[in-house]
Amino acid sequence: MCREPARNEMHPRLGQGSRRTAASQHRASHSRAVLCAAGPQLPRPRGGCISVLDKLSANPLCLRSRPPGHHAHRDKMDGYCMFNHLAIGARYAQQKLGVERVLIVDWDVHHGQGTQFLFEEDPSVLYFSVHRYEQGRFWPHLPASDSPAVGQGRGEGFNINVPWNAVGMRDGDYLAAFLHVLLPVAFEFQPQLVLVAAGFDSVLGDPKGEMAASAACFAHLTHLLMALAGGKVLLSLEGGYNLSSLAEGVCAVLRTLLGDPCPQLEPPVAPCRSALSSVSRTLAIHEKYWRSLRRVEADIPPEDVEEEPAPTTPPDSPEVPRPLPAARTGLVYDERMTEHYNMWDSQHPELPQRVSRIFQRHGELRLTERCHRIPARSAEEEELRMCHSPAYVQRVKATSSMKPRELHRQGDQYNSIYICASSYECARLAAGSAFNAVQAVLEGEVQNAVAIVRPPGHHAESDAACGFCFFNSVALAARFAQRLAGRPLRWAGAGGYAAGRAWSLDSWVLFSALGREAVRPMGSGRQWGDRLRVGLTPPPPSVLYVSLHRYDHGAFFPTSEDADADRVGEGPGRGFTLNVPWNSPRMGDAEYLAAFHRLVLPIAYQFAPELVLVSAGFDAARGDPLGGCLVSPEGYAHMTHLLLGLAGGRVVLVLEGGYNLVSISESMTMCTRTLLGDPLPELGRLRAPHPSALQSLARASAEHSKYWACLANLDAPSHAVPIREDSRPRSGQAGPVREDSPPEDPTGGSQSPPVSEGSVDDILRLGALCLSDKARADSGSPQLSPDSALVGRASTGGAEPPAAEESEDPRSLLDEGAALLPSPSISLGVKFTDTGMLYAVTPLPWCPHVDSLQPLPAAGLDALAPCEECGSQGENWVCLACYRVLCGRYVNQHMLAHGSISGHPLVLSYADLSVWCYTCQSYVHHPVSHPLCHPSWPVRVPLPRCL
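Residues numbered from 1 in each chain as written. Predicted model: local features only at pLDDT ≥ 70, side-chain atom pairs only at ≥ 80, totals over all residues. Heavy atoms only, no water.

Visitor: Help me understand the overall build of the protein chain, please; the structure alone is not making it clear to me.
Guide: What the protein chain contains, in helices and strands, is 23 helices and 23 strands. Of all 947 residues assigned to the protein chain, the portion counted as buried reaches 65%. In the protein chain, 78% of the contacts between residues at least 6 apart in sequence involve partners at least 24 apart. Surface summary for the protein chain: the accessible area is close to 32,700 Å², and the carbon and sulfur share equals 51%. (Helix = DSSP H or I, 4+ residues; strand = E, 2+ residues; numbered from the N terminus. Buried < 20%, exposed > 50% of the residue type's maximum accessible area, 1.4 Å probe, protein only. Contact = heavy atoms within 4.5 Å. Areas by Shrake-Rupley, 256 points an atom, 1.4 Å probe, with all protein chains shown as cover.)

Shown next as structure tokens:
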């Protein structure tokens, strides 16, 4: 931290005439936070706020002692305020520093009406205020302080008020306003600078505010804001009339800006009915402006949840922060884990080089130098029996002395398992490495940790291997943590990151540590019993299990109804299993963040875990051949940051799935950088959450609102607002949705970016690069073998993916936004004026039906052959099993009929030489089809593109 005087002012503690030196300026430019304290005299307009804005490379904190500023109007003083410091700072940033979009957050107990009025017609400034209102009875007694005040003119929708209509609001109330309203809108708005009117008159004990929020709550609010604008957050002190609570609040946010973990909040951390009513009303008003706030009505009525009264007096003693570990992030890795390999299929997706490539990438980015190395070790047999039966452990152990034929026979007894002589020792090493990572965190050696291990573990059941997994490393690590604590820990499982074959989202989060754990796996058969719930039937109330996973109405691996939203646990554990099943492919950052904001974090905060274990699979990553989802490395970083606000920052990531070497390496290194405290990358423009995802979130919320007060009444039918599509307030400006905007894409898919972002030729060139053989080889994307049983119906479209015949233009075959390129933030797509649909496709590198392809006829293929049924030459396809030539769905649909009757799944387009599988409903790019792209054509025709 660098402490410096305000510009043109004397620092009161440095004495008369003190000045900043070159050395102090150098330290400030490299500091994480800048503390700017103004003297007691009247400040000048260009004071400390502006001096800190000049250092946008830091994560600045600017605190002024007095007077405050957020009530000051353009032409008059008001409410102790003479000059509106943050308003001046926002304009300075825009005019002098090139900032285009500014977010101003006002959490002072009094509404900052002066700031609102200054920007109410300006769409470049998003103003958010949560304040005491009491139906207008609290100062400043203005109707403009209520939720319907949304701004005017071009600024309509850019002013958001969450008014409290009761006193005694607590931590859960403020968190609800941030999670459900502010964060979704802020991610859509994409601010480049965050300014905070930081009043601490809402802290418990303040005589004017009469609220009951803790000082620690504002550390969490600051942590959430640091996910925005690359961490460029500036706080300016406003109100606060209890010196003790004021000092505690200031110190809490300053520690957060300096990188300290957020303190744990005292339960209950749940919003009251009055707060939920205010939040719900604000959501209903602003849904028509912001896509990210859209909600749908669930068909399950919510139930009331009892409330606890708010405290009226501050705690006896302020929180004493625990000593910080000497190292921030620990890393465990052992090269010996690569000795587990498939002897019969060298191209199996669970490749040995997965972990070595991830570790290598950590080294290239010098992350291994910054991490504290934790030694690996093998788990003891007795430790494995914490979750697995003794008989099963002995069966796996016996494989180490088997011959190859016996190993093959043993592997066939399980679902999607291969075994070699080293598998048992590698699985023990993976589990033991997770133990050491957890121990290092719990004993204070490091603040958080990452374990680069294999084979994965989250599919393993108590008595059976499954889905490439032998021993359930994360479940075992949770039991190991309980053993270290010397008492039962409450587990809380919260959905994780990936989407992979497990249930799609193979990243589980174990919220717990010395008290509660959150286990979040959903991977192989029964609820989380196959994975992290191993040994707990039913899960006790000490375990919260949250899973976000691809489900496809039960058609996606492992095809179990236990993954649906209505499976909430049994007996005393009812409500402690939260499933969010995605029923469509291609879920990405927007959907995952919506789940975190609306479900995972509210429930996790109310549960109050003490350790977070993340079963970190990255098969939901964009470009993964099995997951079929679109989460970016930046998206994983943001989810990791959100989890760091829990459990006092005790977070352990344990590698699970992920089968594109580029995607998995970039995603995990991004997570490690987040654990190390690096500023978060910007996500770029987020699409609207998929309508199918909104339905899944609504169902899960309705199912669990009867168990968790934080979810009650937020999806009431009265909140439904007609959905409108996006219309930007100005070119390139992120902003809210307008009433006069065009209707939503009827397919429910993501919208294409404006054509101005790149010419069609540029998009085609980049798409061709994505699909070239060389790019695929460089990406490390594995070629899957036909016996890979974990591949489900990995569709690549939206709610109803486009079939190959739907494409009359080869541009419709573009890859979804550079899924295989180093920069996953690129978004590609072409909007077709005839249908309004967006086609953006990631071909599968393999599908289970490639063995149906028959040898090429000796005479070759005639690309100009007419349809054998109707004679049409408009758009024809050839069946790759019987080689009949028939027309596509936009002619007379004879190939569709043929595929349905004959059961032949693979067809080749004569229009662009793409291969489509009817059963998988996806394009396929596999070496077995390569000869079809370059046969000896009897008739020469131009090839628009070749897979």
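What follows picks up the thread again.
Visitor: Help me out: how do you make sense of a nonpolar patch on the surface in this one?
Guide: A contiguous nonpolar surface patch, about 290 Å² in accessible area, is contributed by M77, M82 and F83. By the secondary structure assignment, M77 is in the loop between β3 (61-62) and α3 (85-96). (Patch = residues over 30% accessible without salt bridge, like charges linked within 9 Å, V, L, I, M, F, W, Y side chains within 5 Å. Salt bridge = Lys/Arg side-chain N within 4 Å of Asp/Glu carboxyl O.)

Visitor: So what exactly am I meant to see when it comes to the packing of aromatic side chains here?
Guide: Any two aromatic rings considered together are summarised by their centre-to-centre distance and by the angle between their planes. Scanning all chains against the criterion turns up 21 aromatic pairs. Geometrically, the ring pair formed by Y174 and F218 is tilted, given 6.0 Å between the ring centres and 55° between the ring planes. On the criterion of sequence distance, the pair formed by Y174 in helix α5 (residues 171-189) and F218 in helix α6 (residues 215-225) is long-range, its members being 44 residues apart. Neither Y174 nor F218 differs from the other in exposure class; each is buried. Between W916 and Y923, the aromatic rings sit 4.9 Å apart at their centres with planes inclined by 75°, giving edge-to-face as the arrangement. (Phe/Tyr/Trp six-rings, centres within 6.5 Å; stacked < 30°, edge-to-face > 60°.)

Visitor: Looking at this structure, I do not really get the side chain of N472. What am I missing?
Guide: For N472, the location among the structural elements is in the loop between β11 (446-452) and α15 (473-485). Here A460 takes part through its backbone oxygen, which lies 3.0 Å from a polar atom of the side chain of N472. (Polar contact = N/O pair within 3.5 Å; in protein donor to acceptor, adjacent residues only side chain to side chain.)

Visitor: Would you explain the pattern of salt bridges in this entry?
Guide: Opposite charge on two side chains makes pairing possible when the charged atoms of those side chains draw close. According to the stated counting rule, one finds 27 salt bridges in the structure shown. A salt bridge links E350 to R354; the shortest N-O distance between them is 2.9 Å. The pair E350 / R354 is uniform in exposure class, with both members buried. Here E561 and R567 are joined by a salt bridge, their closest N and O atoms 3.5 Å apart. Judged by relative accessible area, E561 falls into the exposed class, the value being 56%. Connected through shared salt-bridge partners, R357, R361, E364 and E666 make up one network.

Visitor: Explain the nonpolar core to me, please; I cannot follow it from the model alone.
Guide: Proteins that are soluble and globular tend to have nonpolar side chains buried together. If you look at the biggest cluster of nonpolar residues, it comprises 129 residues, and the most contacted ones within it are W107, F128, W164, F178 and F200. Beyond its immediate chain neighbours, meaning those up to four positions away, F128 contacts I104, V105, D106, I160, V162, A177, F178, V181 and L182. (Core = buried A, V, L, I, M, F, W, Y, C linked by side-chain atoms within 4.5 Å.)

Visitor: Honestly, the packing of helix α9 (residues 353-364) against helix α18 (residues 661-675) in this entry has me stumped. Any pointers?
Guide: Each packed pair of helices is defined by two parameters, the angle between the axes and the distance between the axes. At a minimum axis distance of 9 Å, the contact between α9 and α18 shows a crossing angle of 50°. On the basis of their axis angle, the class for α9 and α18 is oblique. When you trace α9 past α18, the crossing you get is right-handed. Note on element contacts: α18 touches α9 through L661, I664, S665, E666, M668, T669 and T672, opposite Q353, R354, R357, I358, R361 and H362. The residue makeup of the contact of α9 with α18, split by class, is 4 nonpolar, 5 polar and 4 charged. (Axes fitted to C-alpha atoms, helices over the stretch in contact; angles between N-to-C directions. Parallel < 35°, antiparallel > 145°, perpendicular 65-115°, else oblique. Left-handed = near helix turned anticlockwise from the far one by under 90°. Nonpolar A, V, L, I, M, F, W, Y, C, P; charged D, E, K, R; others polar.)

Visitor: Can you help me understand the sheet that holds strand β23 (residues 922-923) in this one?
Guide: Paired through backbone hydrogen bonds, the strands of a sheet run either parallel or antiparallel to each other. The antiparallel open sheet is built from 5 strands, whose spatial order is β20-β19-β21-β22-β23. Strand pairing shows two members of the sheet lacking a second neighbour, β20 (885-887) and β23, which therefore form its edges. Across 3 bridges, the pairing between strand β21 (residues 906-909) and strand β22 (residues 915-917) is antiparallel. Across the sheet, V907 pairs through a bridge with W916, a residue of β22. Taken strand by strand, helix α22 (residues 894-902) contacts β19 (876-879), β20 and β21, and its axis lies near 120° from that of β20. (Pairing = 2+ DSSP bridges.)

Visitor: Would you explain the sheet that holds strand β7 (residues 193-198) in this entry?
Guide: Taken together, 5 strands build an open sheet; the order of strands is β6-β5-β4-β7-β8 and the sheet is parallel. Where the open sheet ends on each side, the last strands, each with one partner, are β6 (159-164) and β8 (233-237). Neighbour-to-neighbour, the strand axes of the sheet open up by a mean angle of 15°, direction not taken into account. In this sheet, β6 lies alongside strand β5 (residues 125-132) in parallel orientation, the contact comprising 6 bridges. The partner of Y127 across the bridge, within β6, is N159. Strand contacts of α3: β4 (102-106), β5, β7 and β8, with the helix running at about 170° to β7, the strand carrying the most contacts.

Visitor: Please explain the confidence of the model for the protein chain as it appears in this structure.
Guide: Reading fine detail from the predicted coordinates is not recommended where pLDDT is low. The predicted model of the protein chain averages 76 in pLDDT, with 69% of residues at 70 or higher. Taken as a whole, residues 39-48 scores under 50 in pLDDT and shows 32 contacts with residues more than four places along the chain or in a different chain. (pLDDT = per-residue confidence, 0-100.)

Visitor: So what exactly am I meant to see when it comes to unusual backbone geometry here?
Guide: As a rule of thumb, non-glycine residues mostly have phi less than zero, and peptide bonds are mostly trans rather than cis. Cis geometry is found at the peptide bond from P267 to P268, where omega equals 5°. Tracing the sequence through the fold places P268 in the loop between α7 (243-257) and α8 (273-286). At D552, a position not held by glycine, the phi torsion is positive, near 50°. Here D552 lies in the loop between β15 (543-550) and β16 (577-582). We classify D552 as buried; its relative accessible area is 11%.

Visitor: Which parts of the structure should I look at to understand the state of the cysteines?
Guide: Defined simply, a disulfide is a covalent bond joining two cysteines at their sulfur atoms. Overall, the coordinates contain 0 disulfides when judged by the stated rule. This cysteine, C469, is not joined by any disulfide, and C466 carries the nearest cysteine sulfur, 7.3 Å off. (Disulfide = S-S within 2.5 Å.)

Visitor: Explain α15 here, please?
Guide: Along an α-helix, residues three or four apart share an orientation, since each turn contains 3.6 residues. When the terminal C-alpha atoms of α15 are compared, their 18 Å separation across 13 residues agrees well with the 18 Å that a helix rising 1.5 Å per residue should span. Burial analysis of α15 places 10 of its 13 residues in the buried class, which makes it a mostly covered element. Phi for G486, located one or two positions after α15, is positive at around 75°. (Expected span 1.5 Å × (residues − 1).)

Visitor: What is the right way to look at the pairing of β21 in this model?
Guide: The side chains of a regular strand alternate, first on one face of the sheet and then on the other. By the alternation rule, side chains of β21 split into L906 and L908 and V907 and S909, which are all buried. Bridge count between β19 and β21: 3 bridges; the pairing is antiparallel. Bridge assignment links C879 to a residue of β21, and that residue is V907. Counted along the chain from β21 to the antiparallel partner β22, the turn is 5 residues long, and its residue L913 has a positive phi close to 60°.

Visitor: Looking at this structure, I do not really get the packing of helix α14 (residues 423-442) against α15. What am I missing?
Guide: Two elements in contact, α14 and α15, have axes whose closest approach is 9 Å; the angle formed by their N-to-C orientations is 40°. With respect to their mutual orientation, α14 and α15 come out oblique. You can see that α14 and α15 cross each other, and the crossing is right-handed. Together, A430, A431, A434, F435, V438, Q439 and L442 of α14 and S473, L476, A477, F480, A481 and L484 of α15 make up the contact between the two elements. Broken down by class, the residue content of the contact of α14 with α15 amounts to 11 nonpolar, 2 polar and no charged.

Visitor: Honestly, the pairing of strand β18 (residues 651-655) in this entry has me stumped. Any pointers?
Guide: Of all 5 residues making up β18, 5 are buried, and the element is well covered by its neighbours. Across 3 bridges, the pairing between β11 and β18 is parallel. Residue pairing in the sheet places A451 in a bridge with V654 of β18. In this structure, strand β17 (residues 611-616) lies alongside β18, joined through 5 bridges in parallel fashion. Looking across to β18, one finds that S615 is bridged to V654. Following the chain from β17 across helix α17 (residues 633-643) to the adjacent parallel β18, one finds a crossover that is right-handed. (Right-handed = clockwise from strand over helix to strand, strands pointing away.)

Visitor: How do you make sense of α3 when you look at a structure like this?
Guide: The terminal C-alpha atoms of α3 lie 16 Å apart, and with 12 residues this matches the ideal 16 Å at 1.5 Å per residue to within 8%. Of the residues making up α3, those classed as buried are H85, L86, A87, G89, A90, Y92, A93 and Q94. One or two positions beyond α3, positive phi appears at G98, with a value near 75°.

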